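Descriptive structure summary
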Amino acid sequence: MENFVVEGGVRLEGTLTVSGAKNAALPIMTAALLADGECVFRNVPDLNDIATLGKLLSHLGCTVKRDGPAHRVRVDTSGLGDVEAPYDHVKRMRASVLVLGPMLARFGRARVSLPGGCAIGARPVDQHLKGLAKLGAEIELAEGYIEARAPGGLWGAEVHFDLPTVGGTENLMMAAVLASGRTMLVGAAREPEVEELATVLNKMGANISGAGTDVVTIEGVKELHPPDHAIIPDRIEAGTYMAAVALTGGDVLLKGARVDHMGSFIDRLVEAGVTIDATAEGIRVKREGDILPVDIRTAPYPGFPTDMQAQMMTLLCLARGRSVIEEKVFENRFMHVAELQRMGAKISVRGSLATVTGVDGLSGAKVMATDLRASASLVLAGLAASGLTEVLRIYHIDRGYEDIVSKLSSVGARIKRVPGMA
Ligand code: UD1
């Protein structure tokens, strides 16, 4: 196991390039299962989660090849044979459940391990299963597996989600593209990654409209062909670095970052006293004055992203005043609080509400990463703290931040990866 050692107090300055979006690349790579032949995906971040999905696709019979520097991943589906996603693969990453919709659509059968809970909450898949059943799938849960069958194929239907679910909308879209007739997904998630998946599916020959709104309509087609597609930039990675720049009173251009995907986060950052300029190349972030307190409530897109809650909390730890953060998407997503407190933050939590009272400074400490975004918030805290911060269990970070050490170092941060105790 490795740890990060961060020496705080350095202002970040310069230019950083944003990588491709992990949460877009994952569903898009599973969409390859819908076509026969070689799919080419560009701007795919080099991350552990992507490698985990690559292993699962290989297990199913695909050939998955990455060309390092070009960030190109080729998924050749001509050898597809198995329709079972075993526990060993799914337990590593919940998004593995996204193979369910495409496999069922293409082969009329899929057996996928139930993902189970994870550190940030129960995260059930009931909406995925309810929707697939609406499309005519017979679903049974047995021995920890979802067994889904549609021997006569799936057929179009109107699916009403009880809550907007990103993965649920993606799974259903991928199931419906090859169904006979029209499917309407009502109450769909509107995240840019959902829209991006629809763009790729349409490139493959699907007929989807309305993605990015809460009603998505899919007219089933007979078959899809392999795409060549470049993935959108990662809005959460971009947001994380924007928070880092703000924390250190820095000035950085984030090349490739898209303001149109980051509205509510940028609004809150501006309220917190940060200057944001959209340029032709990306987003320039700068902070000169004090950090101001801001109230935040996470919500499905276009609301404030739950995936930015922890990083924003770190920023608000150093605000001039009191901020209230409400976590509305996941029930157990304040695990970073105890670690931030160890660095001198003043935060109190009651249920889904955290009250953050700004302090003058944080001090370096040994802290434990608990999930991907919580880990990022601790690295950020380390960048702003006095002295040394050691972040343990950074394998969480490697799931979602490509080259974080070299990226942060390139804008002046003092951060290194060191061997830790197992
Ligand atoms: C995706 C993102 C994750 C992000 C989350 C919310 C990927 C790979 N991951 O996760 O980074 O934090 O969106 O923006 O894209 N729910 C149910 N039943 C279901 C499905 C979901 O109750 O069948 C609940 C979840 O427990 C959660 C909420 O709905 O409380 C949102 O979850 P969902 O949008 O499905 O998140 P993921 O797709 O898992």
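This text gives an overview of the structure that appears in the document. (Residues numbered from 1 in each chain as written. Predicted model: local features only at pLDDT ≥ 70, side-chain atom pairs only at ≥ 80, totals over all residues. Heavy atoms only, no water.)

1. Points about the sheet that holds strand β11 (residues 182-186)
- With mixed pairing, the 4 strands of this open sheet are ordered in space as β10-β11-β13-β12. Edge positions in the open sheet fall to β10 (158-160) and β12 (207-209), since each of these has one partner strand only. Adjacent strand axes in the sheet meet at a mean angle of 15 degrees, parallel and antiparallel pairs treated alike.
- As defined by bridge partners, β10 adjoins β11 across 3 bridges and the pair is classed as parallel. Paired with Val159 across the two strands is Leu185, which belongs to β11. (Pairing = 2+ DSSP bridges. Helix = DSSP H or I, 4+ residues; strand = E, 2+ residues; numbered from the N terminus. Axes fitted to C-alpha atoms, helices over the stretch in contact; angles between N-to-C directions.)

2. Looking at helix α2 (residues 48-59)
- Its 12 residues give α2 an end-to-end C-alpha distance of 16 Å, which sits within 8% of 16 Å, the value for a rise of 1.5 Å per residue.
- Within α2, the full set of buried residues consists of Asp49, Ile50, Thr52, Leu53, Gly54, Leu56 and Leu57.
- Tucked into the core, α2 has its buried residues touching α1 (22-31), β4 (63-67), β5 (72-76), β6 (84-85) and α3 (87-90). (Expected span 1.5 Å × (residues − 1). Buried < 20%, exposed > 50% of the residue type's maximum accessible area, 1.4 Å probe, protein only. Contact = heavy atoms within 4.5 Å.)

3. Quick word on the sheet that holds β5
- The mixed open sheet is built from 4 strands, whose spatial order is β4-β5-β3-β14. Every interior strand has two partners, whereas the edge strands, β4 and β14 (228-230), have only one. Direction aside, neighbouring strands of the sheet carry axes that sit 15 degrees apart on average.
- Two strands pair when backbone bridges link them, and strand β3 (residues 38-42) and β5 are joined in this way by 4 bridges, in the antiparallel orientation. The residue of β5 that forms the bridge with Phe41 is Val73.

4. Here's the deal with the pairing of strand β20 (residues 346-350)
- Where β20 meets strand β21 (residues 353-357), 5 bridges bridge the pair, whose relative direction is antiparallel. Across the sheet, the residue bridging to Lys346 is Thr357, located in β21.
- Hairpin connection between β20 and β21: a loop of 2 residues separates the two successive antiparallel strands, and Gly351 in this loop has a positive phi of roughly 60 degrees.

5. Looking at the packing of α1 against helix α7 (residues 192-203)
- Between α1 and α7, the least distance of the axes is 9 Å, while the angle of their chain directions is 30 degrees. On the basis of their axis angle, the class for α1 and α7 is roughly parallel. Relative to α7, the crossing made by α1 is right-handed. Facing Asn23, Ala24, Pro27, Ile28 and Ala31 of α1, the residues of α7 in contact are Glu193, Glu196, Leu197, Val200 and Leu201.
- Counted by class, the contact of α1 with α7 contains 7 nonpolar, 1 polar and 2 charged residues. (Parallel < 35°, antiparallel > 145°, perpendicular 65-115°, else oblique. Left-handed = near helix turned anticlockwise from the far one by under 90°. Nonpolar A, V, L, I, M, F, W, Y, C, P; charged D, E, K, R; others polar.)

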